[in-house]
Amino acid sequence: MMNKHIQDNLTAPIITNKSSKTKLLGVAALCSSALAFTACQPASEEAPSEVDTEMTTKTADTHDTDMNHEAHDMDSNMTEHAATTEFGKDYMDSMDDMHEDMMEGVQANDADVAFAKGMIAHHEGAVDMAEVQLKYGKDEDMRKLATDIIAAQEAEIKQMENWLEANPDTDEQDYTKGMHKAYLDSMKSFHEDMMQGILSEDADTAFAKGMLPHHQGAVAMAEVQIKYGKDKQMRKLAQDIIDAQKSEIDLMQNWINQHS
């Protein structure tokens, strides 16, 4: 007989909003694993008790719920801000896509895989923002920076995509939950500043004030990778990102100071 706790999860109403997407993936995987385990139990062997299964499920659900709450908080921040310019609306759209893909990517179990998947989404967001700047911006320095960002980060996206083809995710590791929390903390640290920056009425200022915290977020993510990751190629990439983006952070900060 199907465990009642599992059956309740399987028959629960389906939620389709973006902020619950991540949790649904975790719950679906949990239910699938639990069903497979129950079905494979020998007839003479006692299956896990309902209490044991419920405790395991609650532990996993607590972790998924924490991540889901963080995602919901960031989504709520986005809806509380309303862009009044065309480039601001384009930035909001790119941030929405980036946020969803990053949340999914960094939930990989393996640290190197989580870094690659999360950073691909982060880089894609930077490329989108740079393209918005080239469409609307006039300042030569900011347009050159946008062009440099596209060239550098598209190359790194390709590098990470190639690496992922040869390096699939693993089972959950001892550090996985701590790593997930570290990534969520790194996202929160730059999200609100980005939201404020892109609402500027000037296209060049919006790019600089939005991209600066975006770069700071990349540095924070790279530092998480250096703490947890083991793959030499991904650790080197993380350090390269820190070095390159700190230099560009200084450039943008100086530009903002001169044009404030």
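Residues numbered from 1 in each chain as written. Predicted model: local features only at pLDDT ≥ 70, side-chain atom pairs only at ≥ 80, totals over all residues. Heavy atoms only, no water.

Draft legend 1. View of the pattern of salt bridges. Within this structure, the stated rule accounts for 6 salt bridges. The salt bridge involving K181 is made with D185; its shortest N-O contact spans 3.0 Å. Taken together, the residues K181 and D185, both in helix α7 (residues 176–197) and 4 residues apart, mark about one turn of the helix. A relative accessible area of 52% means that K181 is categorised as exposed. Overall, the relative accessible area of 33% leaves D185 in the partly exposed class. A salt bridge links K236 to D240; its shortest N-O distance comes to 2.9 Å. Of this pair, K236 and D240 both sit in helix α9 (residues 232–259), 4 residues apart, which is roughly one turn of that helix. Here K236 falls in the exposed class, since its relative accessible area comes to 53%. Given the relative accessible area of 33%, D240 is considered partly exposed. (Salt bridge = Lys/Arg side-chain N within 4 Å of Asp/Glu carboxyl O. Helix = DSSP H or I, 4+ residues; strand = E, 2+ residues; numbered from the N terminus. Buried < 20%, exposed > 50% of the residue type's maximum accessible area, 1.4 Å probe, protein only.)

Draft legend 2. Expanded view of the packing of helix α6 (residues 140–166) against α9. One way to put it is that α6 packs onto α9 with a least axis distance of 12 Å and a crossing angle of 170°. It follows that α6 is roughly antiparallel to α9 by the angle criterion. Contact residues: D141, M142, L145, I149, Q153, E156, Q159, M160 and W163 in α6; Q233, M234, L237, I241, Q245, E248, L251, M252 and W255 in α9. Residue composition of the contact of α6 with α9, grouped by class: 11 nonpolar, 4 polar and 3 charged. (Axes fitted to C-alpha atoms, helices over the stretch in contact; angles between N-to-C directions. Parallel < 35°, antiparallel > 145°, perpendicular 65-115°, else oblique. Contact = heavy atoms within 4.5 Å. Nonpolar A, V, L, I, M, F, W, Y, C, P; charged D, E, K, R; others polar.)

Draft legend 3. A look at the nonpolar core. Core analysis: the largest hydrophobic core is formed by 61 residues, its most contacted members being Y91, F115, Y183 and F207. Contributions of two or more residues to this core are made by α4 (86–105), α5 (111–136), α6, α7, α8 (203–228) and α9. A total of 13 residues in this core trace back to one element, the largest contributor, which is α5. Once you skip the residues sitting within four places of it in the chain, F207 turns out to touch Y91, M129, A130, Q133, M142, L145, A146 and I149. (Core = buried A, V, L, I, M, F, W, Y, C linked by side-chain atoms within 4.5 Å.)

Draft legend 4. Structural view of the packing of aromatic side chains. Within this structure, the stated rule accounts for 2 aromatic pairs. Plain terms: the ring middles of Y175 and Y228 are 5.9 Å apart, the flat faces sit at 40° to each other, and that makes the pair tilted. With Y175 in the loop between α6 and α7 and Y228 in helix α8, this pair connects stretches of sequence that are 53 residues apart. Given the relative accessible area of 14%, Y228 is considered buried. (Phe/Tyr/Trp six-rings, centres within 6.5 Å; stacked < 30°, edge-to-face > 60°.)

Draft legend 5. How the structure looks around the confidence of the model for the protein. For the protein, per-residue confidence averages 79 on the pLDDT scale, and 68% of positions sit at 70 or higher. Low pLDDT (under 50) marks residues 1–48, which in the prediction has 44 contacts with non-local residues, meaning those over four places away or in another chain. A low-confidence stretch, residues 65–79 (pLDDT under 50), is modelled with 30 contacts involving residues beyond four sequence positions or located in other chains. (pLDDT = per-residue confidence, 0-100.)

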